[in-house]
Amino acid sequence: MIKGSLCFDDVLLVPRYSKINSRKEVDLTTEMSGLKFRLPEISSPMDTVTESEMAKEMLLRGGLGIIHRYNTPEEQSSIALDLRESLEEQSSASVNKIAAAVGAGKDLIPRSELLVNSGVRILCIDVAHGHHALVESAIKTLKDRFANRVTVIAGNVATPEGYSDLSEWGADAVRIGIGGGSICSTRIQTGHGVPTFQSVLDCRDVPGAAIIADGGIKNSGDMVKAIAAGADMVMVGSLLAGTDETPGESFHDSDGNTFKVYRGMASIEAQVAWRGKARSLEGVSTTVPCKGSVRRILLDLEQNIKSGFSYSGARSISEFQSLARFIRQTSSGLGESKTHILFK
Ligand code: XMP
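Residues numbered from 1 in each chain as written. Predicted model: local features only at pLDDT ≥ 70, side-chain atom pairs only at ≥ 80, totals over all residues. Heavy atoms only, no water.

Hydrogen bonding along the main chain pairs the strands of a sheet, whether they run parallel or antiparallel. Reading across the sheet, the three strands line up as E12-E13-E14 and stay open at both edges, with antiparallel pairing between neighbours. Edge strands, defined here as strands with exactly one partner in the open sheet, are strand E12 (251-252) and strand E14 (285-289). Examined bridge by bridge, strand E13 (residues 258-263) and E14 share five bridges and lie antiparallel to one another. Bridge pairing in E14 places Val 261 opposite Thr 287. (Pairing = 2+ DSSP bridges. Helix = DSSP H or I, 4+ residues; strand = E, 2+ residues; numbered from the N terminus.)

Written as structure tokens, this is what we have:
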């Protein structure tokens, strides 16, 4: 018997009795291995999303930004160092949350050592298929080497077995979601993947590390659904792509519209840029309109998530997760859910 699966657009949350009068009553604070975050949002470790400027804004607004690993260990640690200096002036509390990605391959130890010496306190083992022996060894290596000096995020996985194993191997947080990202082609190229919403739902009752929903989150409604399904935090790429704080130059078309590149890290463009050759393409590169500062976007997302909580009558993430009730919607329901005014 083949098991069914649901994605964000297949479900809605049922509005419930609420006594919440203002979004100020809603607290989105979440926790990852003792580290507290005022906003449950993380910017993806991708070379068109997170370097020092994005990581700084994410931290200052209460979320987390993970510096990507698609450069040399020296380049990546100098980005981390820049971030630490500029954070020391503005928010000493954020200095303990500087995060950077590492692979599970042969540069794991030298790269991690350099990063930790530059002030990184959260290491993210960033692997497309994270339920893997190499990731088991990478988590154990980092935990042995740095003990409580670093928090370890690992992934990505799509199943409760994967989530449970990574947690047992020592991960403090696990990225859940395979093939759902807006720039991913993994499911088409390999036939593998699970809708991110379903994966989170499948993991929620399994004891283990903090859950990070990752891939395919298109709007604040999807963030709300991911948290209701069991996520402690959500990771986003496309929602932040095109903002001023992303790496890369903007360019404009003949009508004067400005754009930036947003690309999957397994796209041909990204692979050629960071390792000079491409194999096993599982992502695409695209351009997105420039959106201005990420601050505005984070503020809107925060307000909308808080409104979402108030529709379920919840003041905190744990309250929301126990109150939230999902229903399935049909494709005509999805049509009704989107704005559908008739124009003449
Ligand atoms: P969104 O939907 O927020 O997704 O744009 C961002 C997430 O996508 C993952 N990612 C990839 N997955 N091929 C993939 O299959 C890729 O080239 C690729 N690049 C990024 C990653 O988990 C990220 O957070």
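We now examine the packing of aromatic side chains. Inspection of the entire model under this criterion finds five aromatic pairs. For the ring pair Phe 8 and Phe 197, a centre distance of 5.8 Å and an interplane angle of 65 degrees mean the geometry is edge-to-face. Of this pair, Phe 8 sits in the segment before strand E1 (11-13) while Phe 197 sits in helix H7 (residues 196-203), placing them 189 residues apart in sequence. Among the aromatic residues, those joined into a ring-pair cluster are Phe 8, Phe 197 and Phe 326. (Phe/Tyr/Trp six-rings, centres within 6.5 Å; stacked < 30°, edge-to-face > 60°.)

The omega angle of the peptide bond from Gly 155 to Asn 156 is 5 degrees, so this bond is cis rather than trans. Its location among the elements puts Asn 156 in strand E8 (residues 151-157). Positive phi, close to 50 degrees, is recorded for Ser 280, a residue that is not glycine. Of the residues examined, Ser 280 reaches a relative accessible area of 52% and is grouped as exposed. (Buried < 20%, exposed > 50% of the residue type's maximum accessible area, 1.4 Å probe, protein only.)

For the rest of this paragraph, the subject is a nonpolar patch on the surface. The grouping of Ile 268, Val 272 and Leu 281 at the surface amounts to a nonpolar patch, some 220 Å² of accessible area in total. Within the secondary structure, Ile 268 is located in helix H9 (residues 268-275). (Patch = residues over 30% accessible without salt bridge, like charges linked within 9 Å, V, L, I, M, F, W, Y side chains within 5 Å. Areas by Shrake-Rupley, 256 points an atom, 1.4 Å probe, with all protein chains shown as cover. Salt bridge = Lys/Arg side-chain N within 4 Å of Asp/Glu carboxyl O.)

Counted as a void, the second largest pocket has a volume near 430 Å³. Forming the boundary of the second largest pocket are 21 residues, of which Leu 12, Gly 221, Asp 222, Val 224 and Lys 225 lie nearest the centre. Contributing elements (two or more residues each) for the lining of the second largest pocket: E1, helix H8 (220-229), helix H10 (294-311) and helix H12 (331-337). The dominant element in the lining of the second largest pocket, judged by the number of residues it contributes, is H8, at five residues. In the lining of the second largest pocket, the residues fall into eight nonpolar, nine polar and four charged. (1 Å grid on protein atoms, 1.4 Å probe; cavity = no way out; pocket = protein on both sides within 12 Å on 5 of 7 lines; lining within 4 Å. Points joined across faces, edges and corners; volume = space filled by probe spheres on them. Nonpolar A, V, L, I, M, F, W, Y, C, P; charged D, E, K, R; others polar.)

Next up on the list: the pairing of strand E9 (residues 173-176). Burial along E9 is two-sided: the face carrying Ala 173 and Arg 175 and the face carrying Val 174 and Ile 176 are both buried. Two strands pair when backbone bridges link them, and E8 and E9 are joined in this way by four bridges, in the parallel orientation. Paired with Ile 153 across the strands is Ala 173, a residue of E9. In this fold, the crossover linking E8 to E9 by way of helix H5 (residues 160-169) has right-handed handedness. Strand direction decides the pairing type here: E9 and strand E10 (residues 210-214), joined by four bridges, are parallel. Of the residues in E10, the one forming a bridge with Ile 176 is Ala 213. (Right-handed = clockwise from strand over helix to strand, strands pointing away.)

What follows concerns the sheet that holds strand E6 (residues 99-102). What the eight strands build is a closed barrel, ordered E4-E5-E6-E7-E8-E9-E10-E11; its pairing is parallel. Direction aside, the axes of adjacent strands within the sheet are offset by 25 degrees on average. In the sheet, strand E7 (residues 122-126) pairs with E8 via five bridges, with the strands oriented parallel. Residue pairing across strands places Ile 122 opposite Thr 151, the latter belonging to E8. Helix H3 (residues 108-117) rests against E6 and E7 of the sheet, and its axis sits at about 170 degrees to E6. Against the sheet, H8 engages strand E4 (41-43), E10 and strand E11 (233-236), with an angle of about 140 degrees to E11. (Axes fitted to C-alpha atoms, helices over the stretch in contact; angles between N-to-C directions. Contact = heavy atoms within 4.5 Å.)

Looking now at helix H1 (residues 52-61). Among the ten residues of H1, seven are classified as buried, and the element is accordingly described as predominantly covered. The set of residues buried in H1 consists of Ser 52, Met 54, Ala 55, Lys 56, Glu 57, Met 58 and Leu 59. The inward-facing, buried residues of H1 abut E4, strand E5 (64-67), helix H2 (73-90) and H10. Remark: Gly 62 follows H1 within two positions and exhibits a positive phi of approximately 110 degrees.

Those residues of H5 that fall on the buried side of the exposure criterion are Gly 162, Tyr 163, Ser 164, Leu 166, Ser 167 and Trp 169. Buried positions along H5 lie against helix H4 (133-146), E8, E9, H7 and E10. Positive backbone phi, at 125 degrees, marks Gly 170, one or two positions downstream of H5.

Here we take up the site of the ligand. The environment of the ligand is made up of 23 residues, and the closest members are Ser 182, Thr 186, Asp 214, Tyr 262 and Glu 282. Contact distances for the ligand include 2.6 Å between an oxygen atom and a side-chain N or O atom of Asp 214. Note that a nitrogen atom of the ligand is positioned 2.9 Å from one of the backbone N or O atoms of Met 265. If the ligand stood free it would expose 530 Å²; the protein chains cover 90% of that surface. When grouped by side-chain class, the residues that make up the shell around the ligand number eight nonpolar, twelve polar and three charged. (Near = heavy atom within 4 Å. Polar contact = N/O pair within 3.5 Å; in protein donor to acceptor, adjacent residues only side chain to side chain.)

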